[in-house]
Amino acid sequence: MKKKIALVTGGYSGEAVISYKSARTIYNNLDKAKYDVYTIDINPEGWYYEHEDGQKTLVNRENFTLTVGAELVRFDAVFVGLHGTPGEDGKLQGYFDMIGLPYSSCNAATSALTFNKRYTVAVAAMAGINVAKSVHLFKHTPHDVNDVLDRLRLPVFVKPNNGGSSIGMSKVTEGGQLAAALEKAFAEDDQVLVEEMINGREFTVGVYRAEGRINVLPITEIIAHNEFFDFEAKYQGKSSEVTPADIDESWKKNLEDAATRIYEVFNCRGVVRIDFIYNDEKGPHMLEINTVPGQSEASVIPQQVRAAGMNLQDFYGALVEQTLAGG
Ligand SMILES: Nc1ncnc2c1ncn2[C@@H]1O[C@H](COP(=O)(O)OP(=O)(O)OP(=O)(O)O)[C@@H](O)[C@H]1O
Ligand SMILES: C[C@@H](N)C(=O)O
Ligand SMILES: [Mg+2]
Ligand SMILES: [Mg+2]
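None of the values given here were measured: they were computed from a predicted structure. (Residues numbered from 1 in each chain as written. Chains lettered and ligands numbered in written order. Predicted model: local features only at pLDDT ≥ 70, side-chain atom pairs only at ≥ 80, totals over all residues. Heavy atoms only, no water.)

**Topic: the coordination of the magnesium ion (ligand 4)**
- Looking at the magnesium ion (ligand 4), the protein donor atoms are Asp275 (OD) and Glu288 (OE), and they sit 2.0 Å from it.
- Taken as a pair, the magnesium ion (ligand 4) and the magnesium ion (ligand 3) show a spacing of 3.7 Å, with Glu288 coordinating each metal. You can see Asp275 sitting in strand β16 (residues 272–279) and its partner Glu288 sitting in strand β17 (residues 283–290), a full 13 residues away along the chain.
- By relative accessible area, which is 8% here, Asp275 ends up buried.
- Looking at Glu288, the relative accessible area reads 13%, which means it is buried. (Donors = N, O, S within 2.8 Å, 3.2 Å for Na, K, Ca; no water. Helix = DSSP H or I, 4+ residues; strand = E, 2+ residues; numbered from the N terminus. Buried < 20%, exposed > 50% of the residue type's maximum accessible area, 1.4 Å probe, protein only.)

In structure tokens:
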């Protein structure tokens, strides 16, 4: 019997546009001889399965089933292709745990923790991983721009604390730019992280568990043509991505060791992508962990999978089989 897989996509944040692109790649590369794949769009208007002719069937949220004609569709597993809330921050994960449906991503606690950038760097620092110095601000708690400037050295990065795809982010090189950058980030989230810039080369590392083993994909160096790896650099071609990265063995080992340690410390599951800046003197600094990394045509993980000599069908198949086997 073919397994029934729900591929969830969409979401309630600005990253929904990327989720749809990721889900298309995943859908196209899941082996239809092994799996019946139903793409489920979770968006603010509703949760539904869209048929090939455009007709929509609402999901029964009681147990995440579908009634299609006379058939009751019960899923064997969920493949998460939804960036941002509620697919990357533990909300759907908690719901699937409650109804006993296995899913491809990290568990609810890990998803909630890693979607909070400040809490992620705090836990990583406790585990001996280098991270940037930062200040965490809350929308409803008074904060003073000068106080932030006193505590951190410019340039700084200002980011929505819970976000992705560089949406709402700015690089601030002069104090006078900070207030506007905070306003832009607070428009996306009620928490903002202001982080000192780490000097160095940027790398991103894909890590996944399959057949019970943790595997590190070939490392990618990010060379942004813009000031940093912003939305345009990521998705509109304003960057070069070199996979495998042109680095010596010691840098490769340091990045692989840090990525594996982070995967273990955070008790990750499925494929994650960890972003780093490598400082010449102090080594790799972790920026963040993406527990539902992009799978669009422009995204890094598909490039890393191909550089590892695998095809996407085998890779996504391995993730599904690991999920069906209990994660
Ligand atoms: N402290 C820092 N020092 C140097 N560069 C940084 C720093 N923080 C962020 N950046 C730059 O900004 C980019 C986006 O930051 P980050 O990865 O934290 O955001 P994101 O929106 O979660 O991204 P993603 O699309 O990977 O989910 C990084 O890839 C890097 O180019
Ligand atoms: C989708 C985006 N947050 C990524 O990490 O690739
Ligand atoms: Mg991210
Ligand atoms: Mg990132």
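Read on for the rest.
**Comments concerning the UniProt feature "domain: ATP-grasp" (unreviewed entry) in the protein chain**
- The UniProt feature table records "domain: ATP-grasp" (unreviewed entry) at residues 121–321.
- As annotated, residues 121–321 has a helix share of 31% and a strand share of 29%, and its two end C-alpha atoms lie 31 Å apart. (UniProt positions renumbered as here; feature names shortened; annotations may be inferred.)

**Examining the site of ligand 1**
- In the vicinity of ligand 1 lie 23 residues, with Lys117, Lys159, Ser166, Glu202 and Lys234 positioned nearest.
- One of the side-chain nitrogen or oxygen atoms of Glu202 is found 2.5 Å away from an oxygen atom of ligand 1.
- One nitrogen or oxygen atom from the side chain of Asp275 is found 3.1 Å from an oxygen atom belonging to ligand 1.
- When ligand 1 sits alone it has 620 Å² of accessible area, and the protein chains cover 95% of it.
- Tallied by class, residues from the shell around ligand 1 come to nine nonpolar, five polar and nine charged. (Near = heavy atom within 4 Å. Polar contact = N/O pair within 3.5 Å; in protein donor to acceptor, adjacent residues only side chain to side chain. Areas by Shrake-Rupley, 256 points an atom, 1.4 Å probe, with all protein chains shown as cover. Nonpolar A, V, L, I, M, F, W, Y, C, P; charged D, E, K, R; others polar.)

**Remarks on the UniProt feature "binding site: Mg(2+) 1" (unreviewed entry) in the protein chain**
- Per the UniProt entry, the sites bearing "binding site: Mg(2+) 1" (unreviewed entry) are Asp275 and Glu288 in this numbering.
- Residues contacting Asp275, with those up to four places away along its chain left out, are Phe203, Thr204, His285, Met286, Leu287, Glu288 and Asn290.
- Of note is the side chain of Asp275, whose polar atom sits 2.6 Å from the side chain of Thr204.
- With residues near it in sequence (within four places) discarded, Glu288 still touches Lys117, Arg273, Ile274 and Asp275. (Contact = heavy atoms within 4.5 Å.)

**Quick word on the pattern of salt bridges**
- What the rule picks out here adds up to 14 salt bridges.
- Of the charged contacts in the structure, one is a salt bridge between Lys4 and Asp36, with a shortest N-O distance of 3.6 Å. Of this pair, Lys4 sits in strand β1 (residues 3–10) while Asp36 sits in strand β2 (residues 35–43); the two residues are 32 residues apart in sequence, bridging distant segments of the chain.
- With relative accessibility at 25%, the residue Asp36 sits in the partly exposed group.
- When salt bridges that share partners are traced, they join Lys2, Lys4, Asp36 and Glu71 into one network. (Salt bridge = Lys/Arg side-chain N within 4 Å of Asp/Glu carboxyl O.)

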